[in-house]
Amino acid sequence: MINFPSPHAGSVAKGWACGLLGACQLAGDSCTDLLKLCANVADAKYRTIKVPHMADSITEGTLKSWAKLVGEQVEQDEEVASIETDKVDIPVNSPVGGVIRELLAKEEDTVVVGQDLFKIEEGATTEGGAAPSAPKPVEPTPSEPIAAPKKSEPATPTPVAPAAQPAAAPKEAPVKESKPAASASPVLFGTAERSERRVKMNRMRLRISERLKQSQNTAASLTTFNEIDMSNLIDLRKTYKDDVLKTHGVKLGYMGAFVKASTHALQTVPEVNASIDGDHLVYYDYCDVSVAVATPKGLVTPVLRNTERMSIVDVEQEIANLGKKARDNKITVEDMAGGTFTISNGGVFGSLYGTPIINMPQAAILGMHAIKERPVVVNGKIEIRPMMYVALSYDHRIIDGREAVTFLVKLKEAIEDPRRLLLSV
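Calculation rules
Residues numbered from 1 in each chain as written. Predicted model: local features only at pLDDT ≥ 70, side-chain atom pairs only at ≥ 80, totals over all residues. Heavy atoms only, no water. Helix = DSSP H or I, 4+ residues; strand = E, 2+ residues; numbered from the N terminus. Buried < 20%, exposed > 50% of the residue type's maximum accessible area, 1.4 Å probe, protein only. Contact = heavy atoms within 4.5 Å. Areas by Shrake-Rupley, 256 points an atom, 1.4 Å probe, with all protein chains shown as cover. pLDDT = per-residue confidence, 0-100. Salt bridge = Lys/Arg side-chain N within 4 Å of Asp/Glu carboxyl O. Pairing = 2+ DSSP bridges. Axes fitted to C-alpha atoms, helices over the stretch in contact; angles between N-to-C directions.

*Asks:* Just checking my understanding: could you explain the overall build of the protein for this structure?
*Replies:* Counting secondary structure elements, the protein contains 14 helices and 18 strands. The buried share among the 425 residues of the protein stands at 36%. The contacts in the protein between residues at least 6 apart in sequence include a share of 64% that link residues at least 24 apart. Carbon and sulfur atoms make up 55% of the accessible area of the protein, which totals about 24,800 Å².

*Asks:* In this structure, what is going on with the confidence of the model for the protein? I would like to understand it.
*Replies:* Reading predicted coordinates in detail is not appropriate for stretches of low pLDDT. Summarising the model, the protein shows a mean pLDDT of 80, and 74% of its residues fall at 70 or more. Of the regions scoring below 50 in pLDDT, residues 1-17 engages in 27 contacts with residues more than four places distant in sequence or in other chains. The low-confidence segment residues 129-183, where pLDDT is below 50, has 16 contacts with residues more than four positions distant or belonging to other chains.

*Asks:* Where do I start with the pattern of salt bridges in this structure?
*Replies:* Opposite charge on two side chains permits them to pair, given that their charged atoms come into close proximity. Using the criterion set out here, one finds 17 salt bridges in the structure. Among the ionic pairs, Lys64 bridges to Glu108, the shortest N-O distance being 2.9 Å. With Lys64 in strand E2 (residues 60-66) and Glu108 in the loop between strand E6 (98-103) and strand E7 (110-112), this pair connects stretches of sequence that are 44 residues apart. Residue Lys64 is classed as partly exposed on the basis of its relative accessible area of 26%. The class of Glu108 is partly exposed, set by a relative accessible area of 46%. Among the ionic pairs, Asp288 bridges to Arg305, the shortest N-O distance being 3.8 Å. Here Asp288, found in the loop between strand E11 (280-283) and strand E12 (289-291), pairs with Arg305, found in the loop between strand E15 (303-304) and helix H11 (312-327); they are 17 residues apart in sequence, far enough to count as distant. Look at the salt bridges and you will find they share partners, linking Asp229, Glu383 and Arg385 into a network.

*Asks:* Help me understand the sheet that holds E15, please; the structure alone is not making it clear to me.
*Replies:* Adjacent strands of a sheet form backbone hydrogen bonds with each other and so pair up, either parallel or antiparallel. Here we have six strands laid out as an open sheet, ordered E9-E18-E17-E16-E12-E15, and mixed in their pairing. Unpaired on one side and paired on the other, strand E9 (221-229) and E15 mark the two borders of the sheet. Where E12 and strand E16 (residues 341-345) come together, three bridges link them in parallel fashion. Paired with Val289 across the strands is Phe341, a residue of E16. In this fold helix H13 (residues 401-416) packs onto E9, E16, strand E17 (364-378) and strand E18 (381-395), with an angle of close to 25° to the strand it touches most, E9.

*Asks:* Teacher, can you tell me more about the environment of Gly97 here?
*Replies:* Residue position: Gly97 is located in the loop between strand E5 (89-93) and E6. Judged by relative accessible area, Gly97 falls into the partly exposed class, the value being 26%. Residues contacting Gly97, with those up to four places away along its chain left out, are Val74, Glu75, Gln76, Ile120, Glu121, Glu122 and Gly123.

*Asks:* How should the sheet that holds strand E3 (residues 73-74) be read in this particular structure?
*Replies:* Strand order in this open sheet of four strands is E1-E8-E6-E3, and the pairing throughout is antiparallel. Each having just a single partner strand, strand E1 (45-50) and E3 make up the two edges of the open sheet. Pairing between E6 and strand E8 (residues 116-122): five bridges, direction antiparallel. Across the sheet, residue Ile100 finds its bridge partner in E8, namely Ile120.

If you want it as structure tokens, here you go:
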């Protein structure tokens, strides 16, 4: 069967196919296969797929990878490409099933919303439904039988013969075991040249850098500290973690309690749950808590919405869902939009002390740290207790020292006595 290159435009396809179709009809039955090919091409439907709308604040991105190549078959809603933005990676799915006929952009190209991205032959399938890689070797088949023996004759028999001989010759083994490489390796190590490598910053890292510097340049940032005795919360977790896992299918950690305690403190001190808009202060009656999650590409802050309506277990379930999406690179722009307050848990990496940077335009961010056993005075006696330092960085333009300290005290009281969360006191 004769292979012809597939056209990339509907009008060109019909003209090209009709010309061949007329020639084939004159040739009669000897061109049966070619007639079928021409008829299929004439009826083919080609669609140009454009870069989709990504978000209101995102107009362009970097084409990071093609999941499908020319000649490969795709199903409807199957991912064809991935576009990296300054917030998340956006998958581009095919709106129809068919075969990819042309890629209109290269990897690492900057693409804008509405730009032509690729062309697809709607409804087409690869030959016999074979794997996508099948159509590519079809074209070079006539040349392969000629070139293959030339390349295989010198390459294949030559290495095989010597490879078998040393295995049969025991005398050559000690020669190879003289290990000249062992003596060379320290020499290479000692004389190795120092090197460096440059890696282009991805869009997310560039955006993080921009926002962090914007926060430093804009906010009148100040940090206050406190320490929390984690004994009661640790006992609560040990007592009920198995029941929570069995009943709700989620592991009971510390973040759920800290989110609920922070929500309680935010409602008590509304200045912390506010932002500046021009010459106005905006106070939020709801609590949308952003939780910092580390990913291979950078730090993202998915939002837990309306935490004032959620229980500790609800918070843990939502954190688990958003964390998995972030690590699988499936988190969306909508998952990270908004937020009135942020919690960053550097303690999972062993951080003992730190001053987090405010996530603008929010007014404050809470920093959690590692739990360490320390000697503390309890009722006039020195005892060893599991303690955690907490830090609140806040914008002094909105929040005064009194409000910041009050917030941390309310947080401390709720964590040290979780029963307060049930009574809202």
